[in-house]
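Take a look at the letters that make up each chain.
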Amino acid sequence: MIEFRSVTKRFGDGTVAIEDFSLVVPSRRTTVLVGSSGSGKTTLLRMINRMIDPTSGGIEIDGEDTSTLEPVKLRRRIGYVMQNSGLLPHLKVIDNIATVPILNGVKRALAREQALELLDTVGLDRSLAERYPNQLSGGQQQRVGVARGLAADPNILLMDEPFGAVDPIVRDELQRELIRLQRELGKTVVFVTHDIDEAFLLGDQVVILETGGRVAQVGSPSEIMQSPANEFVASFIGTERGKRALSIRRTARGRVLVDGAGRTAGVLVDEPATTGHDVDSAANSGADSVAQVTVAQDLGADATTGAVLDAAAGPSNEPSGLLAAEPIVR
Ligand SMILES: Nc1ncnc2c1ncn2[C@@H]1O[C@H](COP(=O)(O)OP(=O)(O)OP(=O)(O)O)[C@@H](O)[C@H]1O
Ligand SMILES: [Mg+2]
C-alpha cells in the first residue's frame, strides 16, 4: 500500500504543483490518476520514488516513510515507465531491459536471460533483443519500456502516460496487454493519463484531479460514472467521453453521423423497408478503413431502425472516402 499524507509540493519558482494531497493506493491493484495537463499527475508519480521530494507531508510505502529510505535504492525497486518509453538510445533492447537488474547486483548473463523472458512477457519476439530502440516501432518501444519497468520484479509499477504517443489501434492493444499482465502479475500499479476512457478501462481505483492535485473524486469507474461528485467531474467525464459520442445531423448531403468533436464519421444510408441490410464497402474506393456499423436504435428517433451506416472515419473534418454507395438489394 502506498499512502500520501497531506503532501504539498512547491517548486523553487514558487509554483504550488500539489497542495495538501492525501490518498491511499491499495496494493496489487491499478490506481489511475487522471486530470488535465498541469494538474500535477507527474509530480505525484515522481514523489512516490523520490525523483521529487515533497515540500511538506509524507509518503509511506507499506508503512515505511519514504523520506527515511535511500532514493537510489528506492528507485531501483520501483518500476517506472515513461511516455515515449524513455529507452536509452545507445543501448540495445536487451541491455535497456537488463540495466537495472545488473545495477541491483544480478549477474550479467542471468539478467540478459531474464530480459529475454521479459520480451516474451510483453509479447515481443526475442529476435528484437539485439536491435537499438530507433529500429523499433513506437508500440514496440513502449512494450520494451514496460519490460524494462518490470525487470527488477518490482512490487510497484509507475506508468506516466505510457501509451500517449502511439496510434489508437496500438494503444488499444497495449491497454489490453496491460490488463492481461496485471491479471497475471498483480503489481501495485499507479498509472497516469489525461484520457478518461483509458482511466475507466484500466483503473480499479480512479482519482480525478483538478489543478494543484486537488482530488475531485476517488472511486471505482462505476461509482464515478453513476454518481459524479460534482460539476467538475460531471463535465470532465461528459466532455471527454462526448468526443466519442455519435449523433446525427441533417445536412444538404443527407443525414450525416458526426462524433462529439463535430467530425464526420459517416453518412446514413436508409435501407428500403423490406430489403437488404448492407452497403457495398468496395464502393468506397479510396477509403483507408471502412467500417460497416449497424446504427443502434438508441441514436434517436432520427435514425431509421435497421438502417445501415457506412462509416469511413477520417482524421480531418472532411468526410474521407464517403459514400457514393447505393444500398444493395439482396
Ligand atoms: N520543475 C518544476 N519547476 C516549476 N514548476 C514545475 C516543475 N515541474 C512541474 N511544474 C509545474 O507543476 C504543475 C504540475 O506539473 P506536472 O508535470 O505534475 O503536471 P501533469 O499533470 O503531469 O501535466 P501533463 O499532463 O501536461 O504531463 C504545472 O503547473 C507545472 O508547470
Ligand atoms: Mg505529466
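Up top you'll find the structure we're talking about.
Note that the structure is a prediction, hence the values are computed from the model and not measured.

A. Here's a closer look at the overall build of the chain. If you tally the helices and strands in the chain, you get nine helices and 17 strands. Counting across all 330 residues of the chain, residues that qualify as buried make up 34%. Here the contacts in the chain between residues at least 6 apart in sequence split such that 63% fall between residues at least 24 apart.

B. How the structure looks around the sheet that holds strand E7 (residues 156-160). Across the sheet, six strands lie side by side as E6-E7-E8-E3-E9-E10; this open sheet has mixed pairing. At either end of the open sheet lies a strand with only one pairing partner, and these are strand E6 (78-81) and strand E10 (214-219). Adjacent strand axes in the sheet meet at a mean angle of 15° when their direction is disregarded. Pairing of E7 with strand E8 (residues 188-193), which is carried by five bridges, proceeds in the parallel orientation. Note that in E8 the partner of Met159 across the bridge is Phe191. Helix-sheet contacts for helix H5 (residues 138-150) involve E6 and E7, and the interaxial angle to E6 is about 165°.

C. Spatial organisation of the site of ligand 1. Taken together, 13 residues lie near ligand 1, and Phe11, Ala17, Ser37, Thr42 and Thr43 sit nearest. Of the residues forming the shell around ligand 1, the biggest block, three residues, is contributed by helix H1 (residues 41-48). Counted by class, the shell around ligand 1 contains two nonpolar, nine polar and two charged residues.

D. Representation of the sheet that holds strand E4 (residues 56-61). Strand order in this open sheet of four strands is E2-E1-E4-E5, and the pairing throughout is antiparallel. Among the strands making up the open sheet, the edge pair consists of strand E2 (16-25) and strand E5 (64-65). Note: strand E1 (residues 2-10) against E2, six bridges, orientation antiparallel. Looking at E2, one finds that Lys9 is bridged to Ile18.

E. Region of the structure containing the environment of Ser85. Note that Ser85 resides in the loop between E6 and helix H3 (93-103). According to the C-beta neighbour criterion, Ser85 is buried, with 23 such atoms within 10 Å. Placed 56 residues apart in sequence, Ser85 and Gln141 show a C-alpha to C-alpha distance of 6.0 Å. Beyond its immediate sequence surroundings of up to four residues, Ser85 is in contact with Gln141, Gln142, Val144 and Gly145.

F. Here's a closer look at the environment of Val206. On the secondary structure map, Val206 appears in strand E9 (residues 205-210). If we skip the residues at most four places from it in the chain, Val206 touches Val32, Val34, Ala199, Phe200, Gly219, Pro221 and Ile224.

G. Quick peek at H3. Three or more residues of H3 are buried, namely Val93, Ile94, Asn96, Ile97, Ala98, Val100 and Pro101. For H3, the elements touching its buried residues are helix H2 (71-76), helix H4 (108-121) and H5.

About the thresholds
- Residues numbered from 1 in each chain as written.
- Chains lettered and ligands numbered in written order.
- Predicted model: local features only at pLDDT ≥ 70, side-chain atom pairs only at ≥ 80, totals over all residues.
- Helix = DSSP H or I, 4+ residues; strand = E, 2+ residues; numbered from the N terminus.
- Buried ≥ 20, exposed ≤ 12 C-beta atoms within 10 Å, placed from the backbone.
- Contact = placed C-beta atoms within 7 Å.
- Pairing = 2+ DSSP bridges.
- Axes fitted to C-alpha atoms, helices over the stretch in contact; angles between N-to-C directions.
- Near = placed C-beta within 6 Å.
- Nonpolar A, V, L, I, M, F, W, Y, C, P; charged D, E, K, R; others polar.

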